[in-house]
Amino acid sequence: MTRIDATFARLRGQNRKAFVAYIMAGDPDVATSLALIEGMPAAGVDIIELGMPFTDPMADGPTIQAAGQRALGGGHKMDRTFEMVRAFRANNAETPIVLMGYYNPIYARGVARFLAEATAAGVDGLIVVDLPPEEDAELCLPAQAAGLNFIRLATPTTDAKRLPKVLQNTSGFVYYVSVTGITGAAAAQAAEVGPEVARIKASTDLPVIVGFGITTPDAAKTIAGVADGCVVGSAIVKLIGEGKSAAEVLARVAELAAGAHRA
């Protein structure tokens, strides 16, 4: 059982929904992003998504694109992402960390090397948005063999014919993208999301977590109420981009987490 599996088992036992928070590694610098992830569990975050900075983030809106550029502009490299995870793990052995991003930096590093370093650092799962199920042999299957969950995205355009392929070899949880388009582009609507989550859950025993378009505690509560939990990214990253302190960002994270946990 991975940390992600154990987290969902614990939440089910407490009849609670999951709150997942995303930030970009190295934004605006390593010290700040490390302070943020170290403070997230106490703020109510159940799973941490840590973005891997990349120059061409095609699924991300302007807010997260800017975060990646800030991190890269500050000299952030994959080595520093792993250093952050190791530092976090020195004081926290329970909270799952999922690396989210694109395949190019992983491919450039070498899959075997990347997976060995990720597992040694204490990473629990991967979301790689530009690797379809047809390419599972490239990274998905090796990652699962290394003990990492490989989390797949389902979207409003994932129809009944495509869904079984998307769910094939997926583990940890399914990430349902609530809106068509890029991150931060539109607000998630529970009336639209609920039936889609139910459709996915009819085909898998995995938890379904909803992301994209969730910006307020009330929205977190509403969307988590029709799923197994929710993800907030752009609304948190926006505060970082505005120069808010780690304490200020974590205070907002706590409000968002409380919203999801009220569902």
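Residues numbered from 1 in each chain as written. Predicted model: local features only at pLDDT ≥ 70, side-chain atom pairs only at ≥ 80, totals over all residues. Heavy atoms only, no water.

S.K.: Give me the lowdown on the nonpolar core, citing residues and values where you can.
M.R.: Phe-19, Phe-114, Leu-126 and Leu-139 are the most contacted members of the largest nonpolar core, which has 64 residues in total. Looking at which element gives the most residues to this core, the answer is helix H12 (residues 246-261), with six residues. Leave out the neighbours within four places in its chain, and Leu-126 touches Val-98, Leu-99, Phe-114, Leu-115, Leu-139, Ala-143, Leu-148, Asn-149, Phe-150 and Ile-151. Counting 23 residues, the second-largest nonpolar core is a separate cluster that includes Ile-64, Met-100, Val-177 and Val-179. (Core = buried A, V, L, I, M, F, W, Y, C linked by side-chain atoms within 4.5 Å. Buried < 20%, exposed > 50% of the residue type's maximum accessible area, 1.4 Å probe, protein only. Helix = DSSP H or I, 4+ residues; strand = E, 2+ residues; numbered from the N terminus. Contact = heavy atoms within 4.5 Å.)

S.K.: Outline helix H4 (residues 78-89), listing residues and values.
M.R.: The first and last C-alpha atoms of H4 sit 17 Å apart over 12 residues, in line with the 16 Å expected at 1.5 Å per residue. Here H4 has its buried residues at Met-78, Thr-81, Phe-82, Met-84, Val-85, Phe-88 and Arg-89. Each buried residue of H4 lies within a common arc of 155° when the element is viewed along its axis, so the set occupies one face. On its buried face, H4 sits against helix H1 (3-14), helix H2 (30-39), strand S2 (47-51), strand S3 (97-101), helix H5 (103-109) and helix H6 (111-121). (Expected span 1.5 Å × (residues − 1). Arc of directions from axis to C-beta.)

S.K.: So what's going on with H2? Residues and values would help.
M.R.: Every buried residue belonging to H2 is among Ser-33, Leu-34, Leu-36, Ile-37 and Gly-39, and all of these are buried. Where H2 is buried, its residues touch strand S1 (18-24), S2, H4, helix H11 (234-241) and H12. Between the side-chain oxygen at the start of H2 and the backbone nitrogen of Ala-31 there is a gap of 3.2 Å, and the oxygen is on Asp-29. (Polar contact = N/O pair within 3.5 Å; in protein donor to acceptor, adjacent residues only side chain to side chain.)

S.K.: I'd love a proper account of the packing of H11 against H12, names of residues and values included.
M.R.: Taken N-terminus to C-terminus, the directions of H11 and H12 make an angle of 165°; their axes are 10 Å apart at the nearest point. By the criterion of interaxial angle, the relationship of H11 to H12 is roughly antiparallel. At the point where H11 passes H12, the crossing takes the right-handed sense. Along its contact with H11, which presents Ile-236, Leu-239 and Ile-240, the element H12 presents Val-249, Arg-252, Val-253 and Leu-256. Classifying every residue of the contact of H11 with H12 gives six nonpolar, no polar and one charged. (Axes fitted to C-alpha atoms, helices over the stretch in contact; angles between N-to-C directions. Parallel < 35°, antiparallel > 145°, perpendicular 65-115°, else oblique. Left-handed = near helix turned anticlockwise from the far one by under 90°. Nonpolar A, V, L, I, M, F, W, Y, C, P; charged D, E, K, R; others polar.)

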